[in-house]
Structure formats: structure tokens, C-alpha cells
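# Tertiary structure, described
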Amino acid sequence: VEVVESGGGLVQAGGSLKLSCAASGRTLSNYAISWFRQAPGSKRELVATIAWSAGSTYYADSVKGRFTISRDNAKNTVYLEMNNLKPDDTAVYLCAAWVVTTTPNSGSWGQGTQVTVSS
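Read on for an overview of the structure. (Residues numbered from 1 in each chain as written. Predicted model: local features only at pLDDT ≥ 70, side-chain atom pairs only at ≥ 80, totals over all residues. Heavy atoms only, no water.)

Right, let's get into the sheet that holds strand β7 (residues 67-72). The strand order across the open sheet formed by four strands is β1-β3-β8-β7, and the pairing between neighbours is antiparallel. The open sheet is flanked by β1 (2-6) and β7, the only strands paired with a single partner. Taking the axes of each pair of neighbouring strands and ignoring which way they run, one obtains an average angle of 15° across the sheet. Direction of pairing for strand β3 (residues 17-24) relative to strand β8 (residues 77-82): antiparallel, over a ladder of six bridges. Along β8, the bridge assignment pairs Ala22 with Thr77. (Pairing = 2+ DSSP bridges. Helix = DSSP H or I, 4+ residues; strand = E, 2+ residues; numbered from the N terminus. Axes fitted to C-alpha atoms, helices over the stretch in contact; angles between N-to-C directions.)

What follows is the structure in C-alpha cells.
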């Protein structure tokens, strides 16, 4: 599986962005897709995950109620809708596709897309 992120940009605090993670190469029925983020000098942080088949989701506490992860089966694409953005959300956002019986570290990662939130 290959994944490519898009949709990052510069937005003011309180604004919204919608990131896309387009997957290709094979069926995703036994995969999960996760969004991570990494700010300069900080550890990589798991933001949200969606299991492709079941549609079940997970969110980090820091984004619950503000971010929504979803998938489009026809387009093999996962979205991360981000609302009420804060300067602390500034980071490179990376998408990972991984087999559900493994871990994200063993999956396929994209190059990332920059999200910058100004105060």
C-alpha cells in the first residue's frame, strides 16, 4: 500500500482544515489508517485512527470533539477534518496504513503535510 497526504496549509486559530490520505496498491479490508503529527522538537503523536472494514475510530484526547476521521470506500481515501484549530495543532501531519494485526510502525507512511495554525 502507498499513501499520499494532502490538504495542509496555513490557517488562523479557530479555523478549519480537511486533510486527505489517498491509499493505493491493494484492498484495505484488513487495514487501519492512522493520522500522526510531529511538531519540531516533539515526539510523533497519534492523532486518530480508523479501521477500514469496521469503521471504528480512535482519537487522542487532545483532539476529541474537534477532529473527525472518516473514509470514502470508493476513493480509497481517509479524511481528517480539523475544526477549532489551535496553535498547538501546528505540526507535520502524516498518514500511515497498517495491517490491523500489526502496528503502525510496520505500515506504509506518507511524506506528510504541513499544518500551521497562527494565533
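Turning next to the environment of Lys43. Within the secondary structure layout, Lys43 lies in the loop between β4 (31-38) and β5 (45-51). A sequence separation of 14 residues divides Lys43 from Thr57, and the C-alpha atoms of the two residues are 22 Å apart. Residues in contact with Lys43, not counting those within four places in the same chain, are Arg37 and Gln38. (Contact = heavy atoms within 4.5 Å.)

Counted under the stated rule, the structure contains one aromatic pair. The positively charged end of Lys18 is found above the aromatic ring belonging to Tyr79, 4.7 Å away from the centroid. Note that Arg44 overlies the ring of Trp109, its terminal NZ or CZ placed 4.5 Å from the centroid. (Phe/Tyr/Trp six-rings, centres within 6.5 Å; stacked < 30°, edge-to-face > 60°. Lys NZ or Arg CZ within 6 Å of the ring centre and 35° of its normal.)

Let us now look at the pairing of β7. Sheet topology note: the β7/β8 ladder contains six bridges and is antiparallel. Within the sheet, the bridge partner assigned to Asp72 lies in β8 and is Thr77. Taken together, β7 and the strand that follows it, β8, pair antiparallel across an intervening segment of four residues, in which Asn76 is found at a positive phi of about 50°.

A word on the side chain of Thr77. Note on placement: Thr77 falls in strand β8. Note on Thr77: relative accessible area 8%, which makes it buried. Separated by 2.8 Å, the side chain of Thr77 and the backbone oxygen of Lys75 make a polar contact. Excluding residues that lie within four positions of it along the chain, Thr77 makes contacts with Ser20, Cys21, Ala22, Trp52, Ser70, Arg71 and Asp72. (Buried < 20%, exposed > 50% of the residue type's maximum accessible area, 1.4 Å probe, protein only. Polar contact = N/O pair within 3.5 Å; in protein donor to acceptor, adjacent residues only side chain to side chain.)

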